[in-house]
Amino acid sequence: MRTITVIGGGASGMMAAITAAGEGARVTLLEHKDRIGKKILSTGNGRCNFTNTHQEPICYHSENSLFPWEIVSRFNVQDTVSFFLQLGVYSKNRNGYLYPNSDQASAVLDALRMELKRLKIDVRTETHCREIIPGKKGFRILTDQGNFSSQRVILCAGSKAAPSTGSDGSGYDLAKRLGHHMIPVLPALVQLRCSERFFKQIAGVRANGTVSVWADGQCLARDGGEIQLTAYGISGIPVFQVSRYAARALYEKQDVSAELDFMPDFTEEQMQAFLRARASSRPDKSAEEFLIGLFHKKLSDLWIRLSGIPRTKCAGEFTEDETVRLCCLIKHFHVTVTETNPFEQAQVCCGGIDTTEVDPETLESRYVPGLYFAGEILDVDGMCGGYNLQWAWSSGFTAGKAASV
């Protein structure tokens, strides 16, 4: 019987352990926190958006761009739904976002725990792995709770995102000692901090729009949805989706900015015509009153001030230049991005173990036979919306199955 040690009790680690044990291996799962799966409980605002029916290669990112899709295609969204259905988790579809029908992240975690127990997987919590030593007959795993031996090791120790749940980056050191290299690890799916002082005045505002990230004059990424304005900068799902590109550009010492479009359904010309018609309809409204009913008053007040239009000036007296300036603020609201929020606020990381050093068929190390990887420790990150958990299930399954052969 093949013996396997899985290091890391998150989503990918549990999936790897369950898959390997299902193939007949004797599996030990080591987790350095006091319980397994803590990060799952915080996903989907406590409801666990565990996958998404919309799947295509651009949903996953890596320096080795083709790598993630090879793994996800091998264990796809239908396989994920079927797997959890067998565990008792019936899924609920919200516009492609899949949740457990109970709307409880704890249901997903409990189902995985019950399966670990059913398969008689030896789960050791509060066990921190200090070193992995390969040998002729397998591996010795040195921990603060004694040493373990097995023929194969699957390293699923996570990234640096949300360290309170267990992802403290310690797995990177284990991999580096075994000869692997890292793509720089940076916060992703995270808020962006900006330098403008006016953010304190508009904190708390939520508005639909698009956000694009620019570096050295080039647009790196764009996304749309509800943008949240905070005292320090910008947040919300569209900001999360583009944040990895901002993080990388900031790491490379580029000048990074974000452009917010608060009327993305209008072209520049349409927006100008709309503002002229609005002014013509109620020419006696003051500039201070002009945008009420169209945008949040905090935003309206800021734009009027930045446009240089006197607050008491009547809309019917706006000059063409003033209309153009106001339109530009609404459609091209530029802010300077200075940094991301730290790893503590990030949902995932971009970067990790260089995937060119890993076999895409098996997720086995090209340097250390018998060593496999899965989950966030690899240089793969997905979009917001269930994609990072799909990566965990797909990579955990692939590594667990290959290691058990």
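Below or above, wherever it landed, is the structure these notes cover. (Residues numbered from 1 in each chain as written. Predicted model: local features only at pLDDT ≥ 70, side-chain atom pairs only at ≥ 80, totals over all residues. Heavy atoms only, no water.)

Side note on the sheet that holds strand β3 (residues 51–52)
Consider a sheet: its strands pair through backbone hydrogen bonds, and that pairing is either parallel or antiparallel. Here three strands make up an open sheet; going across it, the order is β3-β6-β5 and the pairing antiparallel. Of all the strands in the sheet, just β3 and β5 (91–94) have a single pairing partner and so form its edges. Where β3 and strand β6 (residues 97–100) come together, two bridges link them in antiparallel fashion. Looking at the pairing, Asn-52 lines up with Tyr-97 of β6. (Pairing = 2+ DSSP bridges. Helix = DSSP H or I, 4+ residues; strand = E, 2+ residues; numbered from the N terminus.)

Notes on the sheet that holds strand β13 (residues 192–194)
The sheet built from six strands closes into a barrel, its strands ordered β13-β16-β15-β14-β17-β18 with antiparallel pairing. Each strand axis lies, on average, 45° off the axis of its neighbour in the sheet, ignoring direction. The sheet contact formed by β13 and strand β16 (residues 233–235) spans two bridges and is antiparallel. Bridging from a neighbouring strand, Leu-192 pairs with Ile-234 of β16. The sheet contacts of helix α7 (residues 237–251) involve β13, β14 (206–215), β15 (218–229), β16, β17 (256–261) and β18 (333–340), and relative to β15 the element is tilted by about 140°. (Axes fitted to C-alpha atoms, helices over the stretch in contact; angles between N-to-C directions. Contact = heavy atoms within 4.5 Å.)

Focus on the packing of aromatic side chains
The final tally for this structure, using the stated rule, is 15 aromatic pairs. Judged by centre distance (5.0 Å) and plane angle (80°), the ring pair of Phe-83 and Phe-84 falls under edge-to-face. Using a relative accessible area of 0% as the deciding quantity, one classes Phe-84 as buried. Geometrically, the ring pair formed by Phe-198 and Phe-199 is tilted, given 5.1 Å between the ring centres and 35° between the ring planes. (Phe/Tyr/Trp six-rings, centres within 6.5 Å; stacked < 30°, edge-to-face > 60°. Buried < 20%, exposed > 50% of the residue type's maximum accessible area, 1.4 Å probe, protein only.)

Overview of unusual backbone geometry
With phi around 55°, Asn-45 is a residue other than glycine that occupies positive phi space. On the secondary structure map, Asn-45 appears in the loop between β2 (26–30) and β3. The class for Asn-45 is exposed, based on a relative accessible area of 75%. Positive phi values are uncommon outside glycine, yet Lys-253 reaches one of about 65°. Along the chain, Lys-253 turns up in the loop between α7 and β17.

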